[in-house]
Amino acid sequence: MAGEETLLETQGITLKEDVRINGVDYEATLAVNGDLVWRSADAFAGVRRLILDKEVLGIELRGTILTVRSFVEEIKEASCLGAGKREVKRVRKDYVFELETEEKGMIWGDRLSACIGSLGRPKKLYIIVNPFGGKQCGRKIFANEVKPLLDAANLLYTVQETDYQLHAQQIVGSLDIKKFDGIICVSGDGVLVEVVNGLLQREDWNKAIKVPLGIIPAGSGNGMVKSLLDSSGEPCSISNAVFSIIKGKKRALDVASVIQGETKFFSVLMLTWGLIADVDIESEKYRWMGSARFDFYSFLRIMNLRKYTGDVQFIPAPGYESIGVPLTQTEESNKHDDPILSPGGKVGNDKTLQSKRYQGPSVSIEELHWRSIEGPFVYVWLNNVPWCNQDVMQAPKAKFSDGYLDAVIIRDCPKSVLLSLMLKMGDGSFVSSPYVTYIKVKAFRLSPGQRVGNPRKGGIIDVDGEVIARGDVNLSSLNGDDKPKQKQYLMSYGPTIHITIDQGLATIFCPN
């Protein structure tokens, strides 16, 4: 009883004790918000501080020994990079506090536990590991770099490995989401996309999509995690990605609906057609190179540049209304054929609206003012986040939840200039070129055509790293009646594909 009274008496006040920390005597204070400060009697030793929500993973109390597990920044002189340059990196450190009595240990431990509990951090996670992505290191990355940090933070978790493509989509389709505070993907961007599609295909999609999502880089591209960490000034690393999840900070994330007829696919990263899609998909045979495969194959593809006929139409964001040309009155009158829109302004047709699954965002017909750009095109690139991988910032103005996609379009460009533009993608400065059209759009229509100079060859439409439509015909596959044998994809190449955005539909863990 006396112990309980002592605990109550310490609530709302800063605690102060003479303690030993890692074997050295200090005077330590523990603030009401959980911040720890300690100073030595030695004036030259200085003051050390741990900020709870930015540096502390978790704690462990055993009698009079309180261990504070932290993940702190260390600044190292990077002599190999030249004079005056420093490298900032987070490292694991344990601080072992030796308190005078077990009662004091309980007081300090309870204060820290209560403060950590008030930060809104996740307590139990469902983790999906892709052992096949990137350089096939997902399992190793989880065991060596993810698990130790989660354990240090006292987090509970369930781990499930994927066995085949779309397995993650099936897993979350039947997952009891009420048991978890987040779904984490140890993978490239592809598994995250599968998870989003799986959640939106559930009958309780409106509750399921609110579950916070997290991604830990274990693939070739890793554009989403790079975008998240870079937006907070954090280096893109596995440990930083894990720590951002542990801290439990969240932000809204736009979700794009990609529609052709009654077929739907949901995207959180990008849609590409032309050069970028060719590089992304055709470079798969060089996957063993990691992210370097993109640079290597980009050079090969530019040297043998393809252009594609076609047409794009879009609803521009404010400030972009002068790009392209307005649709004619005839084209405007055909808007009722758009599967994005129903007479009531809802996505989908009457049949799909009866489904309990997510049908896409609401769009007001009265507000639509479509404009168009005709081909031929070198590429069309729609983006939801700034980075497509750790090395390419393709959409420097993209925001996570502004309700717009950022379209980057090149219609014509000399090969020498195109090569120089590719070299400028690391910082996004390529978009200032007069050869690049950059537009923020609310909705988009893509009508892809055939390759210039080779009408029997179409292109690739790639959404978040997956081919949804392909128009190239392998002549060697012709059978006796001259009909091409083609792999079946989610959508057909040629008919218009409609893309629109639902602002802030999903939630994702982020550093700040």
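The structure under discussion appears in the preceding block.
Fair warning: this is a prediction, and the values are worked out from it, not measured in the lab.

K.L.:
Give me the lowdown on the overall build of the chain, citing residues and values where you can.
P.N.:
Across its full length, the chain carries 14 helices and 25 strands. Burial status across the chain gives 52% buried among its 512 residues. Taking the intrachain contacts of the chain between residues at least 6 apart in sequence as the baseline, contacts between residues at least 24 apart amount to 71%. Surface summary for the chain: the accessible area is close to 23,500 Å², and the carbon and sulfur share equals 50%.

K.L.:
So, the layout of surface pockets: which residues are in play, and what are the values?
P.N.:
The space that makes up the largest pocket amounts to roughly 1,000 Å³. Together, 43 residues line the largest pocket, and D280, E284, R287, R293 and F294 are the ones closest to its centre. Elements represented by at least two residues in the lining of the largest pocket include exactly α6 (189-200), α10 (275-282), α11 (292-303), β19 (387-389) and α14 (415-423). No other element matches the 6 residues that α11 contributes to the lining of the largest pocket. Grouping the amino acids of the lining of the largest pocket by side-chain chemistry returns 18 nonpolar, 15 polar and 10 charged. Put simply, the second largest pocket is a space of about 410 Å³.

K.L.:
Tell me about the side chain of S372, and name the residues and values.
P.N.:
Note on placement: S372 falls in strand β17 (residues 371-374). With relative accessibility at 10%, the residue S372 sits in the buried group. Apart from the residues lying within four places of it in its own chain, the contact partners of S372 are D311, V312, Q313, F314, G324, V325 and L327.

K.L.:
If you had to explain the nonpolar core to someone new, which residues and values would you point to?
P.N.:
Counting residues in each nonpolar core, the largest one holds 118 residues, and the members touching the most others are V195, M224, Y379 and F444. Membership of the second largest hydrophobic core comes to 23 residues, among which are V91, F97, L99 and C115.

K.L.:
Mind laying out α10, listing which residues take part and the relevant values?
P.N.:
Within α10, 8 of the 8 residues are buried, which leaves the element mostly enclosed by the surrounding structure. Looking at α10, one finds that the buried residues are L275, I276, A277, D278, V279, D280, I281 and E282.

K.L.:
Give a detailed account of the packing of α11 against α14, specifying residues and quantitative values.
P.N.:
Interaxial distance between α11 and α14 falls to 10 Å at its minimum, and their mutual angle equals 165°. The orientation of α11 relative to α14 falls into the category roughly antiparallel. The chirality of how α11 crosses α14 is right-handed. Between α11, through S298, F299, I302 and M303, and α14, the contact on the second element is made entirely by K415, L418, L419 and M422.

Cut-off values and rules
- Sequence order sets the numbering: in each chain, residues are counted from 1 along the sequence as written.
- Given that the model is predicted, a residue must reach a pLDDT of at least 70 before its local features are reported, and side-chain atom pairs must reach 80 or more before they are shown or counted; all residues, however, enter totals for whole chains, interfaces and linings.
- Computation of side-chain values: all heavy atoms of the structure, hydrogens and water removed.
- Only runs of H or I of at least four residues qualify as helices and only runs of E of at least two qualify as strands under DSSP, and these elements are numbered from the N terminus.
- Accessibility here uses a 1.4 Å probe with only protein chains present; expressed as a share of the type maximum, an area under 20% marks a residue as buried, one over 50% as exposed, and anything in between as partly exposed.
- Here, two residues are considered to be in contact whenever any of their heavy atoms come within 4.5 Å of each other.
- Accessible areas in this description were obtained via Shrake-Rupley with a 1.4 Å probe; residue shielding takes into account the shown protein chains only.
- Lining residues are those with an atom within 4 Å of a point, where the points come from a 1 Å grid over the protein atoms alone and group into cavities, where a 1.4 Å probe fits but cannot get out, or pockets, open sets with protein on both sides within 12 Å along at least five of seven lines.
- Grid points are joined across faces, edges and corners, and a volume is the space filled by probe spheres set on the points.
- Side-chain classes are defined by residue name, with Ala, Val, Leu, Ile, Met, Phe, Trp, Tyr, Cys and Pro counting as nonpolar, Asp, Glu, Lys and Arg as charged, and the others, Gly among them, as polar.
- Only buried residues count toward a nonpolar core, which is a set of Ala, Val, Leu, Ile, Met, Phe, Trp, Tyr and Cys residues joined through side-chain atoms within 4.5 Å.
- Lines fitted to the C-alpha atoms define the axes, with helices restricted to the stretch that makes contact. Angles between their N-to-C directions range from 0 to 180 degrees.
- Roughly parallel means an angle under 35 degrees; roughly antiparallel, over 145; roughly perpendicular, 65 to 115; everything else is oblique.
- Rotating anticlockwise by less than a right angle from the far helix to the near helix defines a left-handed crossing, while the corresponding clockwise rotation defines a right-handed one.

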